[in-house]
Structure formats: C-alpha cells, structure tokens
Amino acid sequence: MSAPTHKGKVVVITGAASGIGEATARLLVEEGAQVVLGDIDSAAREVAASLGRDALFVCTDVTDPDSVARLMTSTVEHFGHLDVLVANAGIPEAKSPIHELDLAAWQRVIDINLTGVALCNQYAILRMLQGNGGAIINMASILAHVGQANSHAYSASKAGVVNLTRSVALTYAQQGIRANCISPGYVETPLLSRLPQSLLAAIVARQPIGRLGQPIEIARVVSFLASSAASMITGACINADGGYTAV
Ligand SMILES: NC(=O)c1ccc[n+]([C@@H]2O[C@H](COP(=O)([O-])OP(=O)(O)OC[C@H]3O[C@@H](n4cnc5c(N)ncnc54)[C@H](O)[C@@H]3O)[C@@H](O)[C@H]2O)c1
C-alpha cells in the first residue's frame, strides 16, 4: 500500500518537541501536510524550523484554555484552516502506592493528560465545524486498558482519553468529524528515559515483540487514522503495542 497523502491538510500536533509528536510532525510533512507544533517546550521551535515553511511553532500549554484557543486561532490565521488534531502532549507520573497519593501530582497528570486532551478537542472542533469536518487522534496508552502497580493518575487519565474519544466520535459523527485514539505500548522516547534501567529491562521482557517501539511506528498509525483510508473508522482505539495487551 502506498503512503497516505496529506497534501492540502493542516494538522495541529501537541507535544511535538520530541518523541512521538516530533516523529508525527516529520512524517506528515513528508506526506504533504502543513503542521502546527503546539508545545510548552520551545525545543519544538527548532523542530518546526527544521521542517521549513510547512511547519509553525506555537508555544502552548494544553492545560490553559486561552493558550489552546490561541493555538487553533494561530493555525487558521497562518495556514487558512484546520483539518486534523493530534492531541499527543502527555507526561508520566512519579509512581507510588495510592495510600501515599500526592494530590497535587495527581492533579497535574490529570490536567495535562486528560483535561488537556479535552481542551484541544474542544477548540479544534470549534474550527472544524466552521470548515469541512476533520479527524482527531488522541494519544492514550496501554495503561488505559491494563493496570500497573503504583500507576494511578496516568492510568486513570489514559482510560479517560479512550472513553472521551468515543463520546466525541458519537457527538460529531454526522458532522464529518472522526475521532479515534491510539494506545501505544512502550516506545523509546524521552518520556521513558526517566525510568530506572532495571524497570526498562523488565518492560522490554514483558513486551511480546521483545523490543521497545520507535516513535515512527506510532506516527504511521496517526498518519493512517488521519487519512481517507480510515474514513469508516471513528470511536476506535488502536493498540500499537507490540502485543502487550494481547497477553
Ligand atoms: N513513550 C511511551 O512509551 C508511551 C507509551 C504510551 C503512551 N505514550 C503517550 O504518547 C504521548 C507522547 O509521549 P512521548 O513518549 O513522545 O513523550 P515526550 O516526553 O517525548 O513528549 C511529550 C511532549 O509533551 C509536551 N508537554 C508536556 N506538558 C505539556 C503541556 N502542558 N502543554 C503542551 N505540551 C506539553 C512535552 O514538552 C513533550 O514535548 C504522551 O501522551 C504519552 O503519554 C507514550
């Protein structure tokens, strides 16, 4: 099958300074899209600069409604419209048993990983309703589907993303907006580099394909879901996890 073409499409990607978001921005530009990188980390400015005229960086905090609204407004002002949202920004959590719950840490994870996704969906859909519909891809995780000891806020936030996506899909199914999510397994990105080496080794051993995923492997799933080849797919969650949740 030939690579999907995204010529003429304008795509907003949050969390695009590194990892999966950066790989997605690079792939979609290669496939013809114009991309807007919304990230709190200004390293995304260099990623955008390296992609030339087809990319724009907009400093964005996904937890702040004004900032998210500005991201979508800047996109439409700069590129004329908005066709695809990749709500990818997310953070890991400091793992601890729930009887030692740090409420501020819990709230921070929920604010970025779940409320941030909802805000991005809200302000992107406002623009898509003024245009020709669109496609939304929210980034969940295998931890939306399986439990993990000492992971509470992250798992809860990602499970929230999966069901939020289903409800968004049903709400806008007749208005030309598709909404799907992806649950990656463990992927080699800066998010994992904060984990102890021993835990990483255990993760690789637990992942049926026997290796970590690479960001480009998730970017390709984003590209598919954003393309017309996925025109019948909405409200779905694709597990790109090397078999992790099949066990
Ligand atoms: N790497 C994995 O193994 C893995 C597995 C499952 C799911 N995911 C999910 O994939 C997504 C991308 O993660 P990654 O692995 O590429 O990590 P990453 O750390 O490389 O990228 C996350 C990006 O989100 C940005 N970000 C954080 N807080 C933000 C905020 N408030 N506003 C805007 N941007 C913000 C960061 O600056 C960073 O650029 C996340 O949602 C993560 O939970 C990753």
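In every chain, residue numbers begin from 1 and rise along the written sequence. For a predicted model such as this one, the threshold for reporting local features is a pLDDT of at least 70, and the threshold for listing and counting side-chain atom pairs is 80 or more; totals across whole chains, interfaces and linings nevertheless cover every residue. Values shown for side chains rest on all heavy atoms present in the structure; no hydrogens or waters enter the calculation.

Chemist: So, the site of the ligand: which residues are in play, and what are the values?
Modeler: Each residue is tested against the molecule or strand, and it is near if at least one of its non-hydrogen atoms lies within 4 Å. The local shell around the ligand holds 29 residues, among which Ser18, Asp39, Tyr154, Val187 and Thr189 are the closest. Two N or O atoms count as a polar contact when they lie within 3.5 Å, although within protein this holds only if one can serve as hydrogen donor and the other as acceptor, and sequence-adjacent residues are included solely when both atoms are side-chain atoms. Take Asp39: an N or O atom from its side chain is 2.6 Å from an oxygen atom of the ligand. A distance of 2.5 Å separates an oxygen atom of the ligand from a polar atom in the side chain of Thr189. Taken by itself the ligand offers 820 Å² of open surface, and the protein chains cover 95% of this. The protein chains shown are the only cover counted for residues, whose accessible areas, like all others here, come from Shrake-Rupley with a 1.4 Å probe.

Chemist: Please give an account of the environment of Leu143 that cites residues and values.
Modeler: Here a helix means four or more residues in a row that DSSP labels H or I, a strand means two or more in a row labelled E, and each is numbered from the N terminus. Assignment of secondary structure puts Leu143 in the loop between strand E5 (134-139) and helix H5 (153-172). Linking Leu143 and Leu27, residues 116 residues apart in sequence, is a C-alpha distance of 26 Å. Contacts: residue pairs with any heavy atoms within 4.5 Å of one another. Not counting residues up to four positions away in its chain, the partners in contact with Leu143 are Gln148, Ser151, Tyr154, Ser155 and Tyr186.

Chemist: Go over the nonpolar core, please, and point to the residues and values.
Modeler: Counting residues in hydrophobic clusters, the biggest one holds 32 residues, and the most contacted among them are Val12, Val36, Met72, Leu85, Cys120 and Ile136. At the level of secondary structure, the elements contributing two or more residues to this core comprise strand E1 (10-14), strand E3 (55-59), helix H3 (65-79), strand E4 (84-87), helix H4 (103-130), H5 and strand E6 (177-184). For this core, the element with the highest residue contribution is H4, accounting for eight residues. Contacts of Cys120, omitting those with residues within four sequence positions, involve Thr14, Val62, Val68, Met72, Leu85 and Ala87. As used here, the term nonpolar core means buried Ala, Val, Leu, Ile, Met, Phe, Trp, Tyr and Cys residues forming a set that is joined through side-chain atoms within 4.5 Å. Under the scheme applied here, a residue whose accessible area is under 20% of the maximum for its type counts as buried, over 50% as exposed, and between as partly exposed, the area being computed with a 1.4 Å probe on protein chains only. Formed by 30 residues, the second largest nonpolar core is a distinct cluster that contains Ile182, Ile218, Leu225 and Ala230.

Chemist: I'd like a rundown of the state of the cysteines, residues and numbers included.
Modeler: Formally, a disulfide is one covalent bond, and it connects the sulfur atom of one cysteine to the sulfur atom of another. The rule for a disulfide is simple: a pair of cysteine sulfur atoms within 2.5 Å. In total, this model carries zero disulfides according to the counting rule given. Summary of cysteine pairing: Cys120 is not part of a disulfide, and the nearest cysteine sulfur, belonging to Cys59, is at 13 Å. This cysteine, Cys237, is not joined by any disulfide, and Cys181 carries the nearest cysteine sulfur, 3.4 Å off. Looking at Cys237, the relative accessible area reads 23%, which means it is partly exposed.

Chemist: Got a sec to walk through the pattern of salt bridges? Specific residues and values, please.
Modeler: Within this document, salt bridges are pairs made up of a side-chain nitrogen of Lys or Arg and a carboxyl oxygen of Asp or Glu, the two lying within 4 Å of each other. Under the defined criterion, the tally for this structure stands at two salt bridges. When the shortest N-O distance is used, the salt bridge between Glu22 and Arg26 registers 3.0 Å. Taken together, the residues Glu22 and Arg26, both in helix H1 (residues 19-30) and four residues apart, mark about one turn of the helix. Owing to a relative accessible area of 21%, Glu22 belongs among the partly exposed residues under this scheme. A salt bridge links Arg211 to Glu217; the shortest N-O distance between them is 2.8 Å. By relative accessible area, Arg211 is classed as partly exposed at 36%.

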